[in-house]
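# Structural characterization, general
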Amino acid sequence: MVILLIVLIAVAVIVLAATGFVVAGRRRLPVPPPATPLPTRPPAPPAPAAPAAPPAARPAAAAGAPAVTELEAQPRFRDRLDRARSTLSGYLTSVRSRDSIDASTWEELEEALILADVGVTVTAAILDDLRARVERDGIDDADALVDALKEELVTRLQGDTDLHTAPDATSVWLFVGVNGVGKTTTIGKLGMREVRAGRRVVMAAGDTFRAAAADQLEAWADRAGASIIRGNEGGDPGAVVFDAVQHAAARGSDLVLADTAGRLHTKTNLMEELKKVRRVAERPPGQVTEVLLVIDATTGQNGLIQAQQFAAAAGVTGVVLTKLDGTAKGGIVVAIRTELDLPIKLVGLGEGADDLVVFDAVEFVEALIGP
Ligand code: GDP
């Protein structure tokens, strides 16, 4: 009996110990690391206390710099243009399903383009060209008509997407556009891209009129490992850009990315202020090689009118179209390209650091209309 008891206890101990090992063993299984969320935008900065200090430089973080996030897979137009596509695709599927091309086919096409925010004038011009093509090429079925429309749009949208630099000067890229369109965010994203490409970048916080802009830019500069020059709140934006160019030249940096104000608190004319900033940035050793007009795609035709004023004043070389992920009316891209006659160089497809991509007309049209 006693022996039986001892045997039972021994069995129980062995079973318990074995269970414990299994549990312990399970705990030792490698735990997958938590998914790191794609960085979105820098944390909201605290309201700055307007320090009365001269423009200050913070050197590019080299050793001990915050790690730059690895390149995420580049977002594709197709994945981010769901909203815009859904507006157009219903109409165009209906056009494609027709047996022939008649007056109502053309009406349906016209309606589709206007609803997508291509604008009345540009739509009329596109349809005129398309009619000529249909005649010339003997197109007689609706499917081929939509394909011809796609080709027409690609031809209109293509342009020089290169961002130029000067070999023998300190290149300056100026970013202009109204408040809230995404200038600061674009500089942050682009700064990151350029640093990854091996360039030494200086960011100039030239929007001295918006309280949080310099802090926001500084957060991006930290993330990218770029230098930043900032001035007093309400101070002279020209002085900030001037200092940034001097700083870049002194340290052998390749590129200055200069933010500018989109609205002024004073009565000074914004366009005059921008011209001044540009003149200052042009002083040797600086050379302005790009003036990028940033436009918010969600503002549609209103944005276009503002854009025309900027384009005339600042000698714009190209457009950055932001928030394309948030618009249901991708046709605004065609309107901007045609009305401003400026190439669309970059587009914003989201708030993340990797959500700025080089504009690709073919990919864009495929994403907007479908195969
Ligand atoms: P700024 O006043 O022109 O400098 O504009 P900001 O850079 O401060 O941007 C205004 C807002 O737009 C911010 O919330 C940005 O995160 C957001 N934003 C900028 N670009 C994009 C984009 O491509 N897509 C989306 N969804 N949001 C964007």
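Anyway, here's the lowdown on the structure attached to this text. Bear in mind that the values here come from a model prediction, so they are computed numbers and not experimental data.

## Here's the deal with the side chain of glutamate 290
With respect to the element layout, glutamate 290 can be found in strand β6 (residues 286–296). For glutamate 290, a relative accessible area of 0% translates into the label buried. At 2.7 Å, the side chain of glutamate 290 and the backbone nitrogen of histidine 164 are in polar contact. Residues contacting glutamate 290, with those up to four places away along its chain left out, are Asp162, Leu163, His164, Val172, Trp173, Leu174, Thr317 and Lys345.

## Quick notes on the packing of helix α6 (residues 142–157) against helix α12 (residues 332–340)
Look at α6 against α12: their axes get within 9 Å of each other, and the N-to-C directions meet at 45 degrees. Looking at the two axes, α6 sits oblique to α12. In the packing of α6 onto α12, the handedness of the crossing is left-handed. Together, Leu153, Arg156 and Leu157 of α6 and Val333, Val334, Arg337 and Thr338 of α12 make up the contact between the two elements.

## Some points on the site of the ligand
For the ligand, the set of nearby residues contains 19 residues, the closest of which are Gly180, Lys183, Thr184, Thr185 and Glu351. The side chain of threonine 184 places a nitrogen or oxygen atom 2.6 Å from an oxygen atom of the ligand. Between the ligand and glutamate 351, the relevant distance is 2.6 Å, taken from an oxygen atom to a side-chain nitrogen or oxygen of the residue. Calculation on the ligand without its partners gives an accessible area of 590 Å², and the protein chains cover 87% of this total. In terms of residue class, the shell around the ligand is built from 3 nonpolar, 9 polar and 7 charged.

## Quick look at the packing of aromatic side chains
According to the stated counting rule, one finds 3 aromatic pairs in the structure shown. Relative to phenylalanine 359, the ring of phenylalanine 77 has its centre 6.2 Å away and its plane inclined at 80 degrees; by these criteria the two rings are edge-to-face. Of this pair, phenylalanine 77 sits in helix α2 (residues 77–80) while phenylalanine 359 sits in the loop between β9 (356–358) and α13 (361–369), and the two are 282 residues apart along the sequence. Each member of the pair phenylalanine 77 and phenylalanine 359 is classed as buried. The interplanar angle of 50 degrees and the centroid separation of 5.5 Å between the aromatic rings of phenylalanine 359 and phenylalanine 364 together place this pair among those described as tilted. Between arginine 131 and the ring centre of tryptophan 106, over which it is positioned, the NZ or CZ distance is 4.6 Å. For arginine 223, the ring lying beneath its charged end belongs to tryptophan 220, and the centroid distance is 4.4 Å.

## Considering the pattern of salt bridges
Two side chains with opposite charge may pair up if their charged atoms get near one another. Taken as a whole and assessed by the stated rule, the structure comprises 27 salt bridges. Notably, a salt bridge pairs glutamate 151 with arginine 133, separated by 2.6 Å at the nearest N-O pair. With a gap of 18 residues between them, glutamate 151 in helix α6 and arginine 133 in helix α5 (residues 120–137) connect regions that are remote in the sequence. You can call glutamate 151 partly exposed: its relative accessible area is 45%. On the basis of relative accessibility, which here comes to 14%, the residue arginine 133 falls in the buried class. We note a salt bridge from lysine 150 to glutamate 366, for which the minimum N-O separation is 3.2 Å. With lysine 150 in helix α6 and glutamate 366 in helix α13, this pair connects stretches of sequence that are 216 residues apart. Taken together, the shared-partner salt bridges in this structure form one network comprising Asp129, Arg133, Glu151, Glu152 and Arg156.

## Observations concerning helix α10 (residues 270–282)
Taking 1.5 Å per residue as the helical rise, α10 with its 13 residues ought to reach 18 Å, and the 18 Å between its terminal C-alpha atoms agrees with that figure. Of the positions making up α10, those classed as buried are Leu270, Met271, Glu273, Leu274, Val277, Val280 and Ala281. In this fold, the buried residues of α10 make contact with β2 (170–176), α9 (237–250), β6 and α11 (300–314). Where α10 begins, the side chain of asparagine 269 points an oxygen toward the backbone nitrogen of methionine 271, at a separation of 2.8 Å.

## Some thoughts on the pairing of β2
Summarising burial for β2: 7 of the 7 residues are buried, a large majority. In this sheet, β6 lies alongside β2 in parallel orientation, the contact comprising 7 bridges. Residue pairing for β6: threonine 170 is matched across the bridge by glycine 286. With 5 bridges connecting them, β2 and strand β5 (residues 255–259) associate as parallel partners. Bridge pairing in β5 places valine 172 opposite valine 256.

Cut-offs and rules
Residues numbered from 1 in each chain as written. Predicted model: local features only at pLDDT ≥ 70, side-chain atom pairs only at ≥ 80, totals over all residues. Heavy atoms only, no water. Helix = DSSP H or I, 4+ residues; strand = E, 2+ residues; numbered from the N terminus. Buried < 20%, exposed > 50% of the residue type's maximum accessible area, 1.4 Å probe, protein only. Polar contact = N/O pair within 3.5 Å; in protein donor to acceptor, adjacent residues only side chain to side chain. Contact = heavy atoms within 4.5 Å. Axes fitted to C-alpha atoms, helices over the stretch in contact; angles between N-to-C directions. Parallel < 35°, antiparallel > 145°, perpendicular 65-115°, else oblique. Left-handed = near helix turned anticlockwise from the far one by under 90°. Near = heavy atom within 4 Å. Areas by Shrake-Rupley, 256 points an atom, 1.4 Å probe, with all protein chains shown as cover. Nonpolar A, V, L, I, M, F, W, Y, C, P; charged D, E, K, R; others polar. Phe/Tyr/Trp six-rings, centres within 6.5 Å; stacked < 30°, edge-to-face > 60°. Lys NZ or Arg CZ within 6 Å of the ring centre and 35° of its normal. Salt bridge = Lys/Arg side-chain N within 4 Å of Asp/Glu carboxyl O. Expected span 1.5 Å × (residues − 1). Pairing = 2+ DSSP bridges.

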